[in-house]
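An overview of the molecular structure
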Amino acid sequence: LVQAHIIDYLRAAGVADKVTRYEPGTPVKGLIAGTIERFERLSGDRHDQVAVTLELRYGGPDHLQPPTLIKTYAVTVPAGGGTMESVAAAFGTALNRIYDDFLHDLISATRGSGS
């Protein structure tokens with residue numbers, strides 16, 4: 001779900017001519033990879049929150065060069081009334097905040113590098 005979510009985000013952001021899930025053997029200009037380190041609902045006395053931590057990497061397609069960007073992003077977002085809908089919306093908000101930060105960092109890291 002997270003993979004599909006970031007693909008939709010990057011497509012909507014217009015970061016590249018084409019954004020797809022990687023298929024081995026397909027020529028690409030760059031690859032984004034990541035690890036979900038934390039993805040949880042935190043229940044509290046007063047309100048619920050969601051906590052999301054992703055490690056995201058961007059690099060060239062050959063894997064011979066070190067990644068252009070590798071960074072861990074962590075966000076905690078209030079989950080409103082604690083319903084499943086509000087929790088799902090909070091996860092979406094948390095992911096979008098992480099993607100915003102990642103995209104900003106990616107643009108900064110690739111500016112002038114030709115990537």
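Summary of the structure given here. (Residues numbered from 1 in each chain as written. Predicted model: local features only at pLDDT ≥ 70, side-chain atom pairs only at ≥ 80, totals over all residues. Heavy atoms only, no water.)

Some words on the packing of aromatic side chains
Taken as a whole and assessed by the stated rule, the structure comprises three aromatic pairs. Taking the centre distance of 4.3 Å and the plane angle of 10 degrees together, the rings of Phe39 and Phe91 count as stacked. A residue pair is termed long-range when its members are at least 10 positions apart, and Phe39 in strand E1 (residues 31–42) and Phe91 in helix H2 (residues 84–110) qualify at 52 residues. Taking relative accessible area as the criterion, Phe39 reaches 37% and is therefore assigned partly exposed. (Phe/Tyr/Trp six-rings, centres within 6.5 Å; stacked < 30°, edge-to-face > 60°. Helix = DSSP H or I, 4+ residues; strand = E, 2+ residues; numbered from the N terminus. Buried < 20%, exposed > 50% of the residue type's maximum accessible area, 1.4 Å probe, protein only.)

Some thoughts on the pairing of E1
In this structure, E1 lies alongside strand E2 (residues 49–59), joined through 11 bridges in antiparallel fashion. Within the sheet, the bridge partner assigned to Thr35 lies in E2 and is Glu55. Joining the antiparallel neighbours E1 and E2 is a turn of six residues. (Pairing = 2+ DSSP bridges.)

Observations regarding helix H1 (residues 2–13)
Relative to the 16 Å expected for 12 residues at 1.5 Å per residue, H1 spans 16 Å between its end C-alpha atoms, a close match to the ideal helical length. All buried positions along H1 are accounted for by Val2, Ile6, Ile7, Tyr9 and Leu10. What you see down the axis of H1 is that its buried residues fit within an arc of 160 degrees, all on one side. Contacts from the buried residues of H1 go to E1 and H2. (Expected span 1.5 Å × (residues − 1). Arc of directions from axis to C-beta. Contact = heavy atoms within 4.5 Å.)

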